[in-house]
Amino acid sequence: MESSQFEQIPDDTAERRALAIKMTAPGTALRVALDMILAGHLGALICVGDRENVLAAGSDGFALDVSFTANRLFELCKMDGAVVIDKDLTRIVRANFHLNPDATLPTAETGTRHRTAARMSLLTKSIVLAVSSRRSLITVYVDGRAIQLKSVPAIMTAVSQLSVAMQSTRQALDRELLRLTALELDNYVTLGDVAETFYLFEVLMTVAEQLDAHILELGNEGKITAMQREEYLGGVNEAYNLMIRDYAEDSSVENARSIRRIFHTTENTELRSAQVVGRILGYDQDLPADTAMVPLGLRTLSRVSVVRDDMAAKIVDEYDSLQELLNVAETNPNRLDDLGIENPGALANALRRMWGKSE
């Protein structure tokens, strides 16, 4: 008997959709069976989970209690009717089963098999799969909504395009962050500069989400892509959160989380608007793009090796802005010692170098 990766099918629709994609990903036993069914030019109707309600919605067939294997499922799909599999994908419990869901349940599907599959997914919590021999398609239904399974080459084409987009966006973001740091140190940042940077952060996050969906579809084949994704996102989350705190009207961690959620639910193109970004950051009036902005300096301090995270917060609490801290480092670096900084000279020198005023 094959062991299962799937303990149970959750009630939440989004979780069940994610589980359905995971259990049908390339390399899984279920996907092997589905590919064999397609190669054999067979049609199939398969219900996974919610066994009691599935059996209550049909009749006849052969009662089974045999271990699930790809070959066994393929052979059983040579018969008419549906195959019923238990929730953890380890036992086949019924074959040649006639499903008879409520015909009044709404569906936009046209073929008999796909209408039945969609209605069964509405009537029960089962994940229902329909294989079309005529169209050579595998469709998964969760709560009446269809998911078309793609071939590995089709998924990899999309992955390749997204990887290129993610790499180029990360490079553009890194350039923009370097430019922003230079502007911050020269006390010449505008709201337009800030908006452009937040726009690039969100474009990168959007592409990463799209890539996540394909990584899930790829299953074991997506490990290298997942590693590349992590490389592209290296250090981004921390820089994003610190930059929000640098420029938000309320710089608390909780408010930064709230702002980031709003950024993520806002259309990316809207984030190029200084007025939109200004409102999200908590400023009451619509500010023009050339409005001067004064950062706290948390993101810049995070790049200085001698500054711990807790110390950065203490520093900005004392000096209110990056520019004030720079002035102290230039004119009276001994004041930094009053904050309990173990090596104020190293901090002052690091800030001078970033400011281009090292001796």
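Refer to the structure above for everything that follows.
Only a predicted model underlies this, so the values are computations on that prediction, with no experimental measurement involved.

Caption draft 1: Focus on the pairing of strand 7 (residues 137-142). Of all 6 residues that make up strand 7, 5 are buried, and the element is covered over most of its length. Sheet analysis places strand 6 (residues 127-132) next to strand 7, joined by 5 bridges and oriented antiparallel. Bridge pairing in strand 7 links Val-131 to Ile-138. Linking two consecutive strands that pair antiparallel, namely strand 6 and strand 7, is a turn of 4 residues; a positive phi of about 55° is found at Ser-136 within it. Sheet topology note: the strand 7/strand 8 (residues 145-148) ladder contains 4 bridges and is antiparallel. Its bridge partner lying in strand 8, Tyr-141 is registered against Ala-146. Counted along the chain from strand 7 to the antiparallel partner strand 8, the turn is 2 residues long, and its residue Asp-143 has a positive phi close to 55°.

Caption draft 2: Structural view of the packing of aromatic side chains. Summed over all chains, the structure comprises 4 aromatic pairs. Ring geometry for Phe-198 and Phe-263: centres 4.8 Å apart, planes at 35°, overall tilted. Taken as a pair, Phe-198 in helix 7 (residues 191-218) and Phe-263 in helix 10 (residues 253-265) lie far apart in primary sequence, 65 residues in all. With respect to class, Phe-198 is no different from Phe-263; both count as buried. With a centroid separation of 4.5 Å and an interplanar angle of 5°, the aromatic rings of Phe-201 and Tyr-240 are classed as stacked.

Caption draft 3: Seen up close, the packing of helix 7 against helix 8 (residues 223-232). Where helix 7 meets helix 8, the axes come as close as 10 Å, and the angle between the chain directions of the two elements is 165°. Considering their axes alone, helix 7 and helix 8 lie roughly antiparallel with respect to each other. Judged by the twist between their axes, the crossing of helix 7 over helix 8 is left-handed. Along its contact with helix 7, which presents Leu-204, Ala-208, Leu-211, Asp-212, Ile-215 and Leu-218, the element helix 8 presents Thr-225, Ala-226, Arg-229 and Tyr-232. The class makeup of the residues in the contact of helix 7 with helix 8 is 7 nonpolar, 1 polar and 2 charged.

Caption draft 4: Here's a closer look at the pattern of salt bridges. With the rule as written, the count across this model stands at 13 salt bridges. Ionic pairing is found between Asp-65 and Arg-91, a salt bridge with its closest N-O pair at 3.1 Å. One end of the pair, Asp-65, is in strand 3 (residues 62-67); the other, Arg-91, is in strand 5 (residues 91-99), and 26 residues separate them in sequence. For Arg-299, the salt bridge identified is with Glu-184, shortest N-O distance 3.2 Å. Of the two residues, Arg-299 sits in helix 12 (residues 298-302) while Glu-184 sits in helix 6 (residues 152-185), which places them 115 residues apart along the sequence. Assessed through its relative accessible area of 4%, Arg-299 is described here as buried. Connected through salt bridges with shared partners, the residues Glu-176, Arg-179 and Asp-193 form a single ionic network.

Caption draft 5: Focus on the nonpolar core. Phe-198, Phe-201, Phe-263 and Leu-281 are the most contacted members of the largest nonpolar core, which totals 44 residues. Every element with two or more residues in this core is listed here: helix 6, helix 7, helix 9 (236-247), helix 10 and helix 11 (274-280). Considering every element that reaches this core, the biggest residue donor is helix 7, with 15 residues. If you look at the next biggest cluster of nonpolar residues, it comprises 31 residues, including Ile-46, Phe-68, Val-83 and Ala-95.

Caption draft 6: Molecular detail of helix 5 (residues 112-123). With 12 residues, helix 5 extends 16 Å from end C-alpha to end C-alpha; this agrees with the ideal 16 Å at 1.5 Å per step. Here helix 5 has its buried residues at His-114, Thr-116, Ala-117, Ala-118, Arg-119, Met-120 and Ser-121. Residues of helix 5 that are buried in the fold lie against strand 1 (44-48), helix 3 (51-56), strand 5, strand 6 and strand 7.

Caption draft 7: Representation of helix 8. Listed in full, the buried residues belonging to helix 8 are Thr-225, Arg-229 and Tyr-232. One side of helix 8 carries all its buried residues, which in axial view fall inside an arc of 60°. Within helix 8, the exposed residues directed more than 90 degrees away from the buried face are Lys-223, Ile-224, Met-227 and Glu-231. In this structure, the buried residues of helix 8 make contact with helix 6, helix 7 and helix 9.

Reading the values: rules and limits
Residues numbered from 1 in each chain as written. Predicted model: local features only at pLDDT ≥ 70, side-chain atom pairs only at ≥ 80, totals over all residues. Heavy atoms only, no water. Buried < 20%, exposed > 50% of the residue type's maximum accessible area, 1.4 Å probe, protein only. Helix = DSSP H or I, 4+ residues; strand = E, 2+ residues; numbered from the N terminus. Pairing = 2+ DSSP bridges. Phe/Tyr/Trp six-rings, centres within 6.5 Å; stacked < 30°, edge-to-face > 60°. Axes fitted to C-alpha atoms, helices over the stretch in contact; angles between N-to-C directions. Parallel < 35°, antiparallel > 145°, perpendicular 65-115°, else oblique. Left-handed = near helix turned anticlockwise from the far one by under 90°. Contact = heavy atoms within 4.5 Å. Nonpolar A, V, L, I, M, F, W, Y, C, P; charged D, E, K, R; others polar. Salt bridge = Lys/Arg side-chain N within 4 Å of Asp/Glu carboxyl O. Core = buried A, V, L, I, M, F, W, Y, C linked by side-chain atoms within 4.5 Å. Expected span 1.5 Å × (residues − 1). Arc of directions from axis to C-beta.

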